[in-house]
Amino acid sequence: MPPPSTTPARASTRPDLRDAVDDPTGAGAAAGGPRRRVRTGWRLLVGLAMLAVLVTAQLTRGDDWFPLGTLGQYAYPRDPDGVVVNTYLTATTTTGEEVRIGLTARSAGVTRVELEVALGDLHDDPSMLAGIAEVWEANHPGVELATMTVRQTLHQMADGALAAPPEERVVLTWEVP
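This one's a predicted model, so the numbers in the text were calculated from it and none came from an experiment.

A. Region of interest: a nonpolar patch on the surface. Together, Val 38, Trp 42, Leu 45, Val 46 and Met 50 make up an exposed nonpolar region whose accessible area comes to about 530 Å². Val 46 sits in the partly exposed class, given a relative accessible area of 43%.

B. How the structure looks around helix α4 (residues 130-139). Buried within α4 are the following residues: Ile 132, Ala 133 and Trp 136. One face of α4 carries all of its buried residues, which in axial projection span an arc of 100°. Exposed and facing more than 90 degrees away from the buried side of α4 are Glu 134 and Ala 138. Its buried side turned inward, α4 meets β1 (83-93), β2 (98-101), α2 (112-117) and β3 (145-158).

C. Just the side chain of Gln 152, in detail. Tracing the chain through its elements places Gln 152 in strand β3. Leaving out residues up to four positions away in the same chain, Gln 152 has contacts with Val 85, Asn 86, Thr 87, Tyr 88, Leu 119, Glu 167, Glu 168, Arg 169 and Val 171.

D. A look at the environment of Leu 119. Residue placement: Leu 119 occurs in helix α3 (residues 119-124). Leu 119 sits in the buried class, given a relative accessible area of 12%. Separated by 32 residues in sequence, Leu 119 and Thr 87 have C-alpha atoms that sit 9.7 Å apart. Discounting chain neighbours no more than four positions away, the residues touching Leu 119 are Thr 87, Val 150, Gln 152 and Val 171.

E. Up close: the pairing of β3. Taken together, the 11 bridges between β1 and β3 define a ladder with antiparallel strand orientation. Counted as the bridge partner of Asn 86 is Thr 153 from β3. Sheet topology places β3 next to strand β5 (residues 167-175); 8 bridges connect them, and they run antiparallel. Bridge pairing links Thr 153 to Glu 168 in β5. Sheet topology note: the β3/strand β4 (residues 161-162) ladder contains 2 bridges and is antiparallel. Within β4, the position partnered with Ala 158 by the bridge is Ala 161. In this antiparallel pair of consecutive strands, β3 and β4, the connection spans 2 residues, and Asp 159 shows a positive phi of 55°.

Cut-offs applied
- Residues numbered from 1 in each chain as written.
- Predicted model: local features only at pLDDT ≥ 70, side-chain atom pairs only at ≥ 80, totals over all residues.
- Heavy atoms only, no water.
- Patch = residues over 30% accessible without salt bridge, like charges linked within 9 Å, V, L, I, M, F, W, Y side chains within 5 Å.
- Areas by Shrake-Rupley, 256 points an atom, 1.4 Å probe, with all protein chains shown as cover.
- Salt bridge = Lys/Arg side-chain N within 4 Å of Asp/Glu carboxyl O.
- Buried < 20%, exposed > 50% of the residue type's maximum accessible area, 1.4 Å probe, protein only.
- Helix = DSSP H or I, 4+ residues; strand = E, 2+ residues; numbered from the N terminus.
- Arc of directions from axis to C-beta.
- Contact = heavy atoms within 4.5 Å.
- Pairing = 2+ DSSP bridges.

In structure tokens:
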């Protein structure tokens, strides 16, 4: 057994919370006072804000919230006997060449899932494709678009396998001004 220390014990500046246990009024050190309520309020506010962001991310169908929200192309189960729809965009240049517009944020300023979500609005106002045309033309200097066509390939499935040859469909065509 080591000999007892001859250095004097230092006095602690921390409150002794054991004494506060017997304080039924809650006014002692265990209650924490107004500071504790402020800290608890901030934690509650931050937690509610995080919950609001997560709920919003789950309810809006778009990739902007990923990874907090769902990634649109994998978010929903598919019917094994249903139709798989592949939406894509083609354009005709002023020289008559047909090109496929890559639906990525970098190439066209929009992703495929964002285009699919906006299809209803595009039917009402095809000129909404103007932004995609501007981004694509900026990324392909010297090439001007004359028309843009939204197309879909429909794949009929049966028991999760392809049941028929794919069917091509033109959804809408817009003339670039």
